[in-house]
Amino acid sequence: MTTDCDLKLIRKWFSTKSTIGEMFGYHPMSNESQKLCFILEDESRGKQVKIYGNTCIPDGDYFVKITYSQRFKRDLPIIYNREEFNGQPYVITDGVNVWEGVRMHPGNTDVDTLGCQLPGMSKGKDIVMDSRVAFDQHLFPFIQNHPALKAQGWLRLKIVHEQIQF
């Protein structure tokens, strides 16, 4: 993994229900990257197609910071590429399609996400398992303790794909 990002999601497995990839984290202090977990998201439909609650965000470069989630009543990572609309983080793809609140949180299938990223320690077809372990012991601590978050308030996330059909 290169140092152009702190987190890298490589999307690999695509179906008509979900997209599953592997999340890697780069730590500048050790100059090493490590696999953190699998990530399940909604179906990938390309940059021009957005169906609320049923589409993952497009490949690209994003920021991740930790903010309070009204829905989950706790601090969670949020993914964004613009801070607009009264300083709130949003994902804007083409000036028309706008995602609010693209979170990373525990869950197992596409039913548990509204476009958010769900971590897991293992995967199956359209499912990730041990999501709370992946989130609480791997992904969230990595983000929370990363030097970039402490220094600038956010990490850099790169999302790419190597398409493998189920």
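Everything in this summary refers to the structure shown in the same document. Small disclaimer: the values here were computed from a predicted structure and weren't measured. (Residues numbered from 1 in each chain as written. Predicted model: local features only at pLDDT ≥ 70, side-chain atom pairs only at ≥ 80, totals over all residues. Heavy atoms only, no water.)

1. So, the pairing of strand 3 (residues 32-42)
Defined as follows: Here a strand pair is declared whenever DSSP counts at least two bridges between the two strands. The helix and strand labels rest on DSSP assignments: H or I over at least four residues marks a helix, E over at least two residues marks a strand, and numbering proceeds from the N terminus.
Bridging between strand 2 (residues 18-27) and strand 3 involves 10 bridges; their strand directions are antiparallel. Opposite histidine 27, over in strand 3, you have glutamate 32 as the bridge partner. Between strand 2 and strand 3, which pair antiparallel one after the other, the connecting turn spans four residues, and asparagine 31 there sits at a positive phi close to 55°. Sheet analysis places strand 3 next to strand 10 (residues 118-120), joined by three bridges and oriented antiparallel.

2. Side note on the pattern of salt bridges
Any two side chains of opposite charge can pair, on the condition that their charged atoms come close. To keep things clear, this is the line we draw: We define a salt bridge as a side-chain nitrogen of Lys or Arg found within 4 Å of a carboxyl oxygen belonging to Asp or Glu. Per-residue accessibility, obtained with a 1.4 Å probe over protein chains only, is compared with the maximum for each type, and a residue is labelled buried under 20%, exposed over 50%, and partly exposed between these values.
For the structure on display, the rule yields nine salt bridges. Across the pair aspartate 4 and lysine 158 runs a salt bridge, and its minimum N-O distance is 3.8 Å. One end of the pair, aspartate 4, is in the segment before strand 1 (7-14); the other, lysine 158, is in strand 13 (residues 155-165), with 154 residues separating them in the sequence. Its relative accessible area of 40% is what places aspartate 4 among the partly exposed residues. The salt bridge partner of aspartate 61 is lysine 158, with a shortest N-O separation of 2.7 Å. Remark: lysine 158 occurs in strand 13 and aspartate 61 occurs in strand 4 (residues 60-69); sequence separation between them is 97 residues. Of the residues examined, aspartate 61 reaches a relative accessible area of 52% and is grouped as exposed.

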